[in-house]
Amino acid sequence: DAAGGIVASMNSSSLPTTLGCANFGSISSWEGGTAGGIVSGGAGTVKNCYNMGNVEGRYNIGGILGLNITEKLELSNCYNVGSVSGSNGGGIVGVLGRECSNSKIINSLNSGIVNGISPESSSNIIGSCEGNSSYSNCFSISQNNFKSYSNEEIGDTLGSEFLKDVNNINDGYPILKWQLENQE
């Protein structure tokens, strides 16, 4: 079965929105495999969310989203801190399927360690992409073989939904604006 920190599965026909969510618990799915720190699988919009928990499973494992098999996905302004373990694991999204040619992953950050990445992995952002989906303004800072970015470079590029982490919530890396607003 599927396991998600906030949502197990989103119905693609209704194109739901998951907005402003945070997960702090560990997520594990070994029987069915698919797991995501925020959403296990589905389509729709995932925006302004972050995951602090570790995510593990057999396959299709993502720090934010485990699996998307339709073309209607927009994932933006999200970040993952938890480790991701499993086949087709990605720091932000585990797998984007063949029909995902119009999926967009934008303004997102992964600082969690990713284990068991498929050969098609894309900079620890997307574990496996079978279609022509795209991502932009996404960063992975967890592995030594990627370009090292300063916090200021990342924050400037991610956009206005992110702020400087002055309270060390995310090890000094940018946090979502609503996190700081909730602390005041």
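Residues numbered from 1 in each chain as written. Predicted model: local features only at pLDDT ≥ 70, side-chain atom pairs only at ≥ 80, totals over all residues. Heavy atoms only, no water.

Explain the nonpolar core here, please?
It is characteristic of soluble globular proteins that their nonpolar side chains tend to be buried jointly. One finds Val46, Ile64, Leu75, Ile92, Val93 and Ile105 to be the most contacted residues of the largest nonpolar core, which totals 18 residues. Broken down by element, the residue count for this core peaks at three residues, all from strand E12 (residues 73-80). Within the second largest apolar cluster, 10 residues are counted, among which are Tyr79, Leu109, Leu176 and Leu180. (Core = buried A, V, L, I, M, F, W, Y, C linked by side-chain atoms within 4.5 Å. Buried < 20%, exposed > 50% of the residue type's maximum accessible area, 1.4 Å probe, protein only. Helix = DSSP H or I, 4+ residues; strand = E, 2+ residues; numbered from the N terminus.)

Hey, could you run me through the sheet that holds strand E14 (residues 93-96) in this one?
One key point about sheets: their strands pair by backbone hydrogen bonds, in either a parallel or an antiparallel sense. Spatial strand order, E2-E7-E11-E14-E17: five strands in an open sheet with parallel pairing. Where the open sheet ends on each side, the last strands, each with one partner, are strand E2 (7-9) and strand E17 (126-129). Mean inter-strand twist for the sheet, computed between neighbouring axes without regard to direction, equals 10°. Relative to E14, strand E11 (residues 65-68) runs parallel, the two being bridged by three bridges. Paired with Leu67 across the strands is Val95, a residue of E14. (Pairing = 2+ DSSP bridges. Axes fitted to C-alpha atoms, helices over the stretch in contact; angles between N-to-C directions.)

Where do I start with the side chain of Asn23 in this structure?
Looking at the secondary structure, you find Asn23 in strand E4 (residues 22-23). Since its relative accessible area comes to 7%, Asn23 is described here as buried. Ignoring any residue separated from it by four or fewer positions in sequence, one finds Asn23 in contact with Gly5, Gly37, Ile38, Tyr50, Asn51, Met52 and Gly53. (Contact = heavy atoms within 4.5 Å.)

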